[in-house]
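Survey of secondary and tertiary structure
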Amino acid sequence: MGESKVHMFKDAKSFNDFIKENKNMVINFSSAKRESSVQINPTFAKLSEEYHNIKFVQLEVDDVDMLTLGFDLDEIPSFYFINNSKSDGVIYGAHSDLLTRKVDAVSENIQYTQGSEIPDWAK
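**Considering the nonpolar core**
The nonpolar side chains of soluble globular proteins are, as a tendency, buried together. Membership of the largest hydrophobic core comes to 14 residues, with the highest contact counts inside it found for Val 26, Ile 54, Phe 56, Phe 79, Phe 81, Leu 99 and Val 103. Only helix H2 (35-50), strand S4 (78-83) and helix H3 (96-113) provide two or more residues apiece to this core. With 4 residues, the single largest contributor to this core is H3. Setting aside residues no more than four positions away along its own chain, Phe 56 makes contact with Lys 5, Val 6, His 7, Val 26, Phe 44, Leu 47, Ser 48, Tyr 51 and Val 103.

Quick look at the structure:
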């Protein structure tokens, strides 16, 4: 098994600097106090090992709740997808299959928009 590539932040400045420097990411708003967050975190870490063209960020809302300003957190965990510096969807709740499918779809889209040859069927 590879090493987790999940980036953790404790302050707003570091998080905002990271966002400015990275165009493609999944942000996991998590809470150690919520069983559903604790249960899905290993899946999130495993995805970070498998998908190298996406940055994986985890924010513990209990520690860095000031960072949640500007994000609509209807449920914890919430997963926000950023593709080419633009919002590309959100998943509310701990849905491993849905999270995996969305990460895979975003990864494929990134490959096509970053210089990979687009197959004829996609033109």
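**Digging into the sheet that holds S4**
An order of S1-S3-S2-S4-S5 is seen for the 5 strands of this open sheet, with the pairing classed as mixed. Whereas interior strands pair on both sides, the edge strands pair on one side only; in this sheet they are strand S1 (6-8) and strand S5 (86-92). Neighbour-to-neighbour, the strand axes of the sheet open up by a mean angle of 25°, direction not taken into account. Pairing geometry for S1 and strand S3 (residues 55-60), over 3 bridges, is parallel. Looking across to S3, one finds that Met 8 is bridged to Gln 58. The strands that helix H1 (residues 12-21) touches are S1, strand S2 (25-30) and S3; relative to S3, the one it contacts most, it runs at about 160°. Along the sheet, H2 contacts S1, S2, S3 and S4; its crossing angle with S3, the most-contacted strand, is approximately 160°.

Calculation rules
Residues numbered from 1 in each chain as written. Predicted model: local features only at pLDDT ≥ 70, side-chain atom pairs only at ≥ 80, totals over all residues. Heavy atoms only, no water. Core = buried A, V, L, I, M, F, W, Y, C linked by side-chain atoms within 4.5 Å. Buried < 20%, exposed > 50% of the residue type's maximum accessible area, 1.4 Å probe, protein only. Helix = DSSP H or I, 4+ residues; strand = E, 2+ residues; numbered from the N terminus. Contact = heavy atoms within 4.5 Å. Pairing = 2+ DSSP bridges. Axes fitted to C-alpha atoms, helices over the stretch in contact; angles between N-to-C directions.

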